[in-house]
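Here is how the chains run, residue by residue.
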Amino acid sequence: MKRVAVVRGRIDVKFASTVVTRIIETEMPLLDPAELYPDSTPEILAREARWLMPRFQCPETHKLILTMQGFVLQSRGKTILVDTCVGDCKHRARPLFDNQRWGWLDRFRAAGFDPEGVDIVLSTHLHVDHVGWNTTLDDTGHWRPTFPNARYLFTRPEVGFWTGPAGGALLQRTGDYIADSVLPIFAAGLADVVEMDHRINEEIRLLPTPGHSPGHICVEVGHGQDLLVIAGDILHTVLQCTYPHWSTRFCADAAASWETRVRFLQTYADTETRIAPAHFPSPGVGRIRSEGAAFRFVFDAPEA
Ligand SMILES: [Zn+2]
């Protein structure tokens, strides 16, 4: 199993005046491509494996290598955390996520950040691998907000979906992470429900990208030629640049996910905008280039 190699990396010194740092929870073979992509075929996967291995697909297990990570934005005197990984000590249906001790919060501290110093926690969407460190188990067995002085921002459609019947049915697959990682934030009075085009400041704004989940957002950082898009689960792996119509088994609305992904790829293809999807292997950021009718992802140089 490939374990964490890089625990902290600056994507760039700055986008406009915002410093971006990513804190990795894990980077390892996680999902069988046929499990992730229902539209894939054995023939296509065998062909693509030639270039996916070993960087993007494990030669031994054939599982796709995915990163779990959070992005820290230091912007205009505020510290903003985008996505909080799988989390520790959480009961989950997927064995690899169940009752783990990844130690992500120790890495967050080692990188020079203080949980009490976080001003805003932002979720690209409310899936199990994006909200885990929202809460921490305390000595009395209760889930408490990990970032006690932060406002946690959730988009309105996302909260509605996951607290309603359709979201509730999907939670059967993963275990009810909403109960231990989202509802305690509301109970503590730290939650703010925002619209999908909410702006944090002049340099950080939400970009509505529904489909993978109804209230999925990306986060635009910077402006003009100096732009980073933290892209959440618009793309899970580089395969979706080659096959943009491949939505995942985990997409709430496969057709909407496809539409949003294609529009996203077309918008940023052949521009200088840097894209940081939630799960791409290190260095985790790059640019989108058009290639025939599809696209490819050109990673930045590896981190030093
Ligand atoms: Zn995800």
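The paragraphs below set out a description of the structure included in this document. (Residues numbered from 1 in each chain as written. Predicted model: local features only at pLDDT ≥ 70, side-chain atom pairs only at ≥ 80, totals over all residues. Heavy atoms only, no water.)

### Notes on the overall build of the protein chain
Logical step 1: On a plain count of helices and strands, the protein chain comes out with nine helices and 16 strands.
Logical step 2: Rg of the C-alpha trace for the protein chain: 18 Å, near the compact-globule value of 19 Å for 304 residues, within the 12% margin.
Logical step 3: Based on the C-alpha atoms only, the size of the protein chain along its principal axes is roughly 50 × 40 × 35 Å.
Logical step 4: Going through the 304 residues of the protein chain one by one, you find that 59% of them count as buried.
Logical step 5: Considering only contacts in the protein chain between residues 6 or more positions apart, those separated by 24 or more positions represent 65%.
Logical step 6: Just so you have it, the protein chain exposes about 12,500 Å², and 53% of that area is on carbon and sulfur atoms. (Helix = DSSP H or I, 4+ residues; strand = E, 2+ residues; numbered from the N terminus. Rg over C-alpha atoms; globule rule 2.2 N^0.38 Å. Buried < 20%, exposed > 50% of the residue type's maximum accessible area, 1.4 Å probe, protein only. Contact = heavy atoms within 4.5 Å. Areas by Shrake-Rupley, 256 points an atom, 1.4 Å probe, with all protein chains shown as cover.)

### What about the side chain of Asp83?
Logical step 1: Relative to the assigned elements, Asp83 resides in the loop between β4 (78–82) and α3 (104–110).
Logical step 2: Buried charge without a salt bridge: Asp83, with Arg22 as the nearest opposite-charge side chain at an N-O distance of 12 Å.
Logical step 3: A polar contact of 2.8 Å, which involves the side chain of Asp83, links it to the backbone nitrogen of Thr124.
Logical step 4: In this structure, Asp83 is in contact with Gln69, Gly70, Phe71, Leu122, Ser123, Thr124, His125 and His130, ignoring residues within four places of it in sequence. (Lys, Arg positive; Asp, Glu negative; His and termini not counted. Salt bridge = Lys/Arg side-chain N within 4 Å of Asp/Glu carboxyl O. Polar contact = N/O pair within 3.5 Å; in protein donor to acceptor, adjacent residues only side chain to side chain.)

### Here we look at the coordination of the zinc ion
Logical step 1: Note on the zinc ion: its protein donors are Asp129 (OD), His130 (NE2), Asp233 (OD) and His279 (NE2). The metal-donor distances range over 2.1 to 2.2 Å.
Logical step 2: Every donor counted, the four donor atoms about the zinc ion form angles of 84 to 159 degrees at the centre, which fits irregular coordination.
Logical step 3: For the zinc ion, the single-chain donor residues occur in sequence as D-H-x102-D-x45-H. One end of the pair, Asp233, is in the loop between β13 (226–232) and α8 (239–242); the other, His279, is in the loop between β14 (274–277) and β15 (286–291), with 46 residues separating them in the sequence.
Logical step 4: Overall, Asp233 belongs to the buried group, its relative accessible area being 2%. (Donors = N, O, S within 2.8 Å, 3.2 Å for Na, K, Ca; no water. Tetrahedral: all angles 85-135°; square planar, octahedral: opposite > 155°, others 65-115°.)

### Things to note about the pairing of β4
Logical step 1: Summarising burial for β4: four of the five residues are buried, a large majority.
Logical step 2: Relative to β4, strand β3 (residues 64–75) runs antiparallel, the two sharing five bridges. Residue pairing for β4: Gln74 is matched across the bridge by Thr79.
Logical step 3: Here β3 folds back onto β4 in antiparallel fashion, the turn holding two residues, of which Arg76 has a positive phi close to 55 degrees.
Logical step 4: In this structure, β4 lies alongside strand β5 (residues 120–122), joined through three bridges in parallel fashion. Bridging from a neighbouring strand, Leu81 pairs with Val121 of β5.
Logical step 5: Taken together, β4, α3 and β5 constitute a β-α-β crossover, and its handedness is right-handed. (Pairing = 2+ DSSP bridges. Right-handed = clockwise from strand over helix to strand, strands pointing away.)

### What about helix α5 (residues 165–174)?
Logical step 1: Restricting attention to buried positions, one finds in α5 the residues Gly167, Leu171 and Thr174. Buried residues in α5, looked at end-on, bunch into an arc of 55 degrees, giving them a common side. Facing away from the buried side of α5 by over 90 degrees, the exposed positions are Pro165 and Gln172.
Logical step 2: The secondary structure elements touched by the buried residues of α5 are α4 (156–162) and α6 (177–181).
Logical step 3: Two residues or fewer past α5, Gly175 is found with a positive phi of approximately 95 degrees. (Arc of directions from axis to C-beta.)

### Details of the nonpolar core
Nonpolar side chains tend to gather and get buried jointly when the protein is soluble and globular.
Logical step 1: Core analysis: the biggest nonpolar cluster contains 66 residues, and Trp104, Phe108, Phe147, Phe264 and Ile288 have the highest contact counts within it.
Logical step 2: In this view, Phe108 contacts Ile23, Val72, Phe113, Asp114, Pro115, Val118 and Phe147; residues no more than four positions away in its chain are not counted.
Logical step 3: Counting 21 residues, the second-largest nonpolar core is a separate cluster that includes Val20, Phe71, Val219 and Leu228. (Core = buried A, V, L, I, M, F, W, Y, C linked by side-chain atoms within 4.5 Å.)

### Comments concerning the pairing of β15
Logical step 1: In this sheet, strand β16 (residues 294–299) lies alongside β15 in antiparallel orientation, the contact comprising six bridges. In the sheet register, Ile288 faces β16, and the bridge partner there is Phe297.
Logical step 2: A loop of two residues connects β15 with β16, the two strands running antiparallel in sequence, and Gly292 in this loop sits at a positive phi of about 60 degrees.

What is shown is where atoms sit, not what they do.
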